[in-house]
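Residue-level structural notes
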Amino acid sequence: PAKRVTIVVGFMAAWIFTVHPAHAETGVLVMSGNAAEHERTTIGSGIENAIRSAGWTLSVKPLSKKDSDGLLKCQDSRTPWTCIPASLTTKGVHGAFVVSVDLIQGENGTPIIAITGKMIMTDPPSFAVRERYCERCADDKLTEAGEEVVQQLTRELAKRSGRTVIVIKSIPSPATLILDGEHLGGTDAKFATFPGKHTAMVEKPGY
């Protein structure tokens, strides 16, 4: 019979757990693009839901045109966090979600909705860019595409910040560690991740 492996974070080979953010961050959302208003609104609702689900609070005060234009036209690819106005940071805003929703043509002339999302953080200074394309997408798929862009952005920057750390140990060690379907080497292990639900698996031949 197979022997049992003990995981310090639980007593099953697969364990689902949720890590909550220590505190909510406050951010702003700015959207632009040449896509039709319906597409922009539909994708925008998905983006707002994903931002809040990631533990962020969106500022209820609308940005001035000057501040919005400054974020949308920011061309600084090295230190884009300097494009976030000081007036916002003094109000507790530490991040900006800058999203462009554009209608482009595929190689065969098919209309495609292109979503380009940029997340800019001032604390710590960092940023990430992600793109998502949607061809002949119904409203539910457009909403989903917007959500996916934000999930990718927030998770990447959360990992970089090092604020959320998971430690997984097993007896015996080493054993193969798989987190959210990705092989991360062997136990014992400590690594940065993002707040939210995760599935950890520990495998070892004979166990």
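Structural notes, computed from the coordinates.

Definitions and cut-offs
Residues numbered from 1 in each chain as written. Predicted model: local features only at pLDDT ≥ 70, side-chain atom pairs only at ≥ 80, totals over all residues. Heavy atoms only, no water. Helix = DSSP H or I, 4+ residues; strand = E, 2+ residues; numbered from the N terminus. Buried < 20%, exposed > 50% of the residue type's maximum accessible area, 1.4 Å probe, protein only. Contact = heavy atoms within 4.5 Å. Pairing = 2+ DSSP bridges. Disulfide = S-S within 2.5 Å. 1 Å grid on protein atoms, 1.4 Å probe; cavity = no way out; pocket = protein on both sides within 12 Å on 5 of 7 lines; lining within 4 Å. Points joined across faces, edges and corners; volume = space filled by probe spheres on them. Nonpolar A, V, L, I, M, F, W, Y, C, P; charged D, E, K, R; others polar. Phe/Tyr/Trp six-rings, centres within 6.5 Å; stacked < 30°, edge-to-face > 60°. Salt bridge = Lys/Arg side-chain N within 4 Å of Asp/Glu carboxyl O. Expected span 1.5 Å × (residues − 1).

Some thoughts on the overall build of the chain
- A tally of regular secondary structure across the chain gives 4 helices and 13 strands.
- Put simply, the chain has 207 residues, and 37% of those count as buried.
- In the chain, of all internal contacts separated by at least 6 residues, the share reaching a separation of at least 24 is 65%.

Re the pairing of strand 12 (residues 189–192)
- Where burial is concerned, the two faces of strand 12 differ: the one with Ala 189 and Phe 191 is buried and the one with Lys 190 and Ala 192 is not.
- Pairing of strand 8 (residues 165–168) with strand 12, which is carried by 4 bridges, proceeds in the antiparallel orientation. Paired with Val 167 across the two strands is Lys 190, which belongs to strand 12.

So, the state of the cysteines
- Scanning the entire structure with this criterion turns up 2 disulfides.
- Sulfur-sulfur distance for the disulfide between Cys 134 and Cys 137 comes to 1.9 Å. When the S-S torsion is -100°, as for the bridge of Cys 134 with Cys 137, the disulfide is left-handed.
- What connects to what in the chain, once the bonded cysteines are numbered by sequence position, is 1-2, 3-4.

Remarks on the layout of surface pockets
- Roughly 220 Å³ of internal volume is contained in the second largest pocket.
- The set of elements that each furnish at least two residues to the lining of the second largest pocket consists of strand 3 (25–32) and helix 1 (37–53).
- Considering each element in turn, the lining of the second largest pocket owes the most residues, 4 residues, to strand 3.
- Within the lining of the second largest pocket, the residues separate by chemical class into 8 nonpolar, 2 polar and 3 charged.

Brief notes about the side chain of Glu 156
- Mapped onto the fold, Glu 156 is located in helix 4 (residues 139–161).
- Using a relative accessible area of 19% as the deciding quantity, one classes Glu 156 as buried.
- Other than its neighbours up to four places away in sequence, Glu 156 contacts Ala 128 and Arg 130.

Points about the packing of aromatic side chains
- Under the defined criterion, the tally for this structure stands at 2 aromatic pairs.
- Plain terms: the ring middles of Trp 56 and Phe 97 are 5.4 Å apart, the flat faces sit at 85° to each other, and that makes the pair edge-to-face. With Trp 56 in strand 4 (residues 56–58) and Phe 97 in strand 5 (residues 93–105), this pair connects stretches of sequence that are 41 residues apart. Phe 97 shares its class with Trp 56; the two are buried.
- Taking 6.3 Å as the distance between ring centres and 50° as the angle between the ring planes, the aromatic pair formed by Trp 81 and Phe 127 counts as tilted. Of this pair, Trp 81 sits in the loop between helix 2 (65–72) and helix 3 (86–89) while Phe 127 sits in strand 7 (residues 125–135), placing them 46 residues apart in sequence.
- With a relative accessible area of 23%, Phe 127 lands in the partly exposed category.

Overview of the pattern of salt bridges
- Using the criterion set out here, one finds 7 salt bridges in the structure.
- Taking the shortest distance from any N to any O, the salt bridge between Glu 156 and Arg 130 comes out at 2.4 Å. Of this pair, Glu 156 sits in helix 4 while Arg 130 is found in strand 7, placing the two residues 26 residues apart along the sequence.
- Exposure remark for Arg 130: the relative accessible area of 30% places this residue in the partly exposed category.
- For Glu 156, the salt bridge identified is with Arg 160, shortest N-O distance 2.1 Å.

Some points on the environment of Ser 59
- Relative to the helices and strands, Ser 59 is located in the loop between strand 4 and helix 2.
- Along the chain, Ser 59 and Leu 29 lie 30 residues apart, while their C-alpha atoms are 8.3 Å from each other.
- Setting aside residues no more than four positions away along its own chain, Ser 59 makes contact with Thr 26, Gly 27 and Val 28.

Description of helix 1
- If you check helix 1, its first and last C-alpha atoms are 24 Å apart, about what 17 residues at 1.5 Å a residue would give, namely 24 Å.
- Burial in helix 1 covers these residues: Thr 42, Ile 43, Gly 44, Gly 46, Ile 47, Ala 50 and Ile 51.
- Of the surrounding elements, those touching the buried residues of helix 1 are strand 3, strand 4, strand 5, strand 6 (111–122) and helix 4.

Read these as geometric descriptors, not functional statements.
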